[in-house]
Amino acid sequence: MAEAVLFIVATPIGNLGDMVPRAVEVLQSVDLIAVEDSRHSGKLLSHFHIKKPLVAYHDHSDERRVNGILNKLQQGGSVALISDAGTPLISDPGYRLVKLAREQGVKVVPIPGACAMTAALSVAGLPTDRFIFEGFLPSKAGARKKQLEGLKKECRTLVFYESPHRIVDSLQDMREVFGTDRNAVIARELTKTFETVKNGSLQLLCEWVLADTNQQRGEFVVMVAGDDTKVDIELSEDVMRIVEILAEELAPKQAAALAAKITGVKKRELYQFLVTDSSENNN
Ligand code: SAM
């Protein structure tokens, strides 16, 4: 019997030219394609002359639907999962299917391609050595603010997905919680006609989006610089020298880890010293 494979296939986030050749080959070769929305994916598939049986899949699909896909795999069939855009499972359906498939010993193979998060980070000009992906913030104001409060002291770059209905509210809440001066970047409509990447303080970005309703349309990735307030600890001259010398040869994370072993100072404090220091040098 043929080996069962579940392919997790990324599709473009706007520009069909971003479809990778391997994704087309795989979609042309599988027995079944699980899609988020058959009308939406139908357009993409017909563009690439792919004619395959489709089945709708969501993480809340009923058991029968999910078992149908798993049965196909157990019989040695191959299945591809795609979402409406980008990489499945990244704020998109797929988690339940991948988990069950792996539990049942099915081989799960990624076909990488577009993802709004990585595309946005790659052009933002914010630190990318460490970042956290928060996906969509809660829609209710109270829950959203609470979530943002919990991220206030986070020193890694923060990445959020946002919709046109909530971009203004979310930006205003970010400004209130993180402060007017915190640096951020909005990446809108990436790979599409009205692609816009704008950086500035949260104050500036709020004013800019409010002043132009066109900037409230489309799809958004909002990235916010991590908290760079100086740690409340004085590093001695020697410690600073050691970590700075190491940082000449190593990435900040590794330099901080090694300096922590040498000096006994906490890794997080040394890391924060390095990233704060380097962003100040860049200004
Ligand atoms: N799985 C997708 C991925 O890999 O990026 C994300 C799917 S999620 C349901 C949709 C959200 O992703 C949008 O609301 C927006 O925040 C972001 N997004 C998708 N396409 C985008 C684009 N072309 N430009 C900016 N953000 C985009």
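What counts and what doesn't
- Residues numbered from 1 in each chain as written.
- Predicted model: local features only at pLDDT ≥ 70, side-chain atom pairs only at ≥ 80, totals over all residues.
- Heavy atoms only, no water.
- Domains from an automatic or database assignment.
- Buried area = accessible area lost by both parts, 1.4 Å probe.
- Salt bridge = Lys/Arg side-chain N within 4 Å of Asp/Glu carboxyl O.
- Polar contact = N/O pair within 3.5 Å; in protein donor to acceptor, adjacent residues only side chain to side chain.
- Nonpolar A, V, L, I, M, F, W, Y, C, P; charged D, E, K, R; others polar.
- Near = heavy atom within 4 Å.
- Areas by Shrake-Rupley, 256 points an atom, 1.4 Å probe, with all protein chains shown as cover.
- Helix = DSSP H or I, 4+ residues; strand = E, 2+ residues; numbered from the N terminus.
- Pairing = 2+ DSSP bridges.
- Axes fitted to C-alpha atoms, helices over the stretch in contact; angles between N-to-C directions.
- Buried < 20%, exposed > 50% of the residue type's maximum accessible area, 1.4 Å probe, protein only.
- Expected span 1.5 Å × (residues − 1).
- Arc of directions from axis to C-beta.

**A word on the domain arrangement of the protein**
For the protein, the assigned domains read domain 1 (5-114), domain 2 (117-224) and domain 3 (237-282). A C-alpha centroid distance of 29 Å is found between domain 2 and domain 3. Summed over both sides, the interface of domain 2 with domain 3 buries roughly 410 Å², with 54% coming from carbon and sulfur. Looking at the side of domain 2 facing domain 3, the largest losses of area belong to Asp129, Arg130 and Cys155, adding up to 89% of the total buried there. Counting every contact that joins domain 2 to domain 3 gives 0 salt bridges. Viewed at the interface, domain 3 and domain 2 are joined by 1 residue pair in polar contact (both at pLDDT 80 or more). Its residues assigned to classes, the side of domain 2 that touches domain 3 shows 1 nonpolar, no polar and 3 charged.

**Things to note about the site of the ligand**
Inspection of the region around the ligand gives 19 residues, with Ile90, Asp92, Ala116, Tyr161 and Phe220 positioned closest. Backbone polar atom of Ile13 to a nitrogen atom of the ligand: 3.0 Å apart, as the coordinates give it. At 3.3 Å from a nitrogen atom of the ligand is found a side-chain nitrogen or oxygen belonging to Glu219. The protein chains hide 91% of the 570 Å² of surface that the ligand would expose on its own. Breaking the shell around the ligand down by element, the ones donating at least two residues are strand S7 (157-162) and strand S10 (220-224). The class makeup of the residues in the shell around the ligand is 11 nonpolar, 3 polar and 5 charged. Mapped onto the domain boundaries, the shell around the ligand takes at least three residues apiece from domain 1 (5-114) and domain 2 (117-224).

**Looking at the sheet that holds strand S1 (residues 5-9)**
Sheets are built from strands paired through backbone hydrogen bonds, the pairs being either parallel or antiparallel. Overall, parallel pairing links the 5 strands, which are arranged S3-S2-S4-S1-S5 in an open sheet. For this open sheet the edge positions go to strand S3 (54-56) and strand S5 (107-111), each flanked by a neighbour on one side alone. In this sheet, neighbouring strand axes are inclined to one another by 25° on average, regardless of whether the strands run parallel or antiparallel. As paired strands, strand S2 (residues 32-35) and strand S4 (residues 78-81) are joined by 3 bridges and run parallel to one another. Each bridged residue has a counterpart across the sheet, and for Ala34 the counterpart in S4 is Leu81.

**Some remarks on unusual backbone geometry**
With a phi angle near 55°, His49 is a residue other than glycine that sits in the positive phi range. Given a relative accessible area of 69%, His49 falls into the exposed group.

**Concerning helix H10 (residues 252-263)**
The terminal C-alpha atoms of H10, which comprises 12 residues, lie 16 Å apart, in line with the 16 Å expected from a rise of 1.5 Å per residue. The set of residues buried in H10 consists of Ala255, Ala256, Ala259 and Ala260. When H10 is viewed along its axis, its buried side chains cluster within an angular range of 135° and face the same direction. Away from the buried face of H10 by more than 90 degrees, exposed residues Lys253, Lys261 and Ile262 are located. The positive-phi residue at the C-terminal boundary of H10 is Gly264, with phi of around 85°.

**Let's talk about the pattern of salt bridges**
Between side chains of opposite charge, a pair can form as their charged atoms come close. Within this structure, the stated rule accounts for 8 salt bridges. Two residues, Lys99 and Glu103, come together in a salt bridge whose shortest N-O distance is 3.0 Å. Of the two residues, Lys99 and Glu103 are both situated in helix H4 (residues 95-103); the distance of 4 residues between them amounts to about one turn of the helix. On the accessibility criterion, Glu103 (53% relative accessible area) is exposed. The salt bridge partner of Lys153 is Asp227, with a shortest N-O separation of 3.9 Å. In this pair, Lys153 is assigned in the loop between helix H6 (141-149) and S7 and Asp227 in the loop between S10 and helix H9 (237-249), connecting sequence segments 74 residues apart. Judged by its relative accessible area of 56%, Lys153 is exposed. With relative accessibility at 10%, the residue Asp227 sits in the buried group. Residues joined by salt bridges that share partners form a network here, namely Glu189, Lys192 and Glu219.

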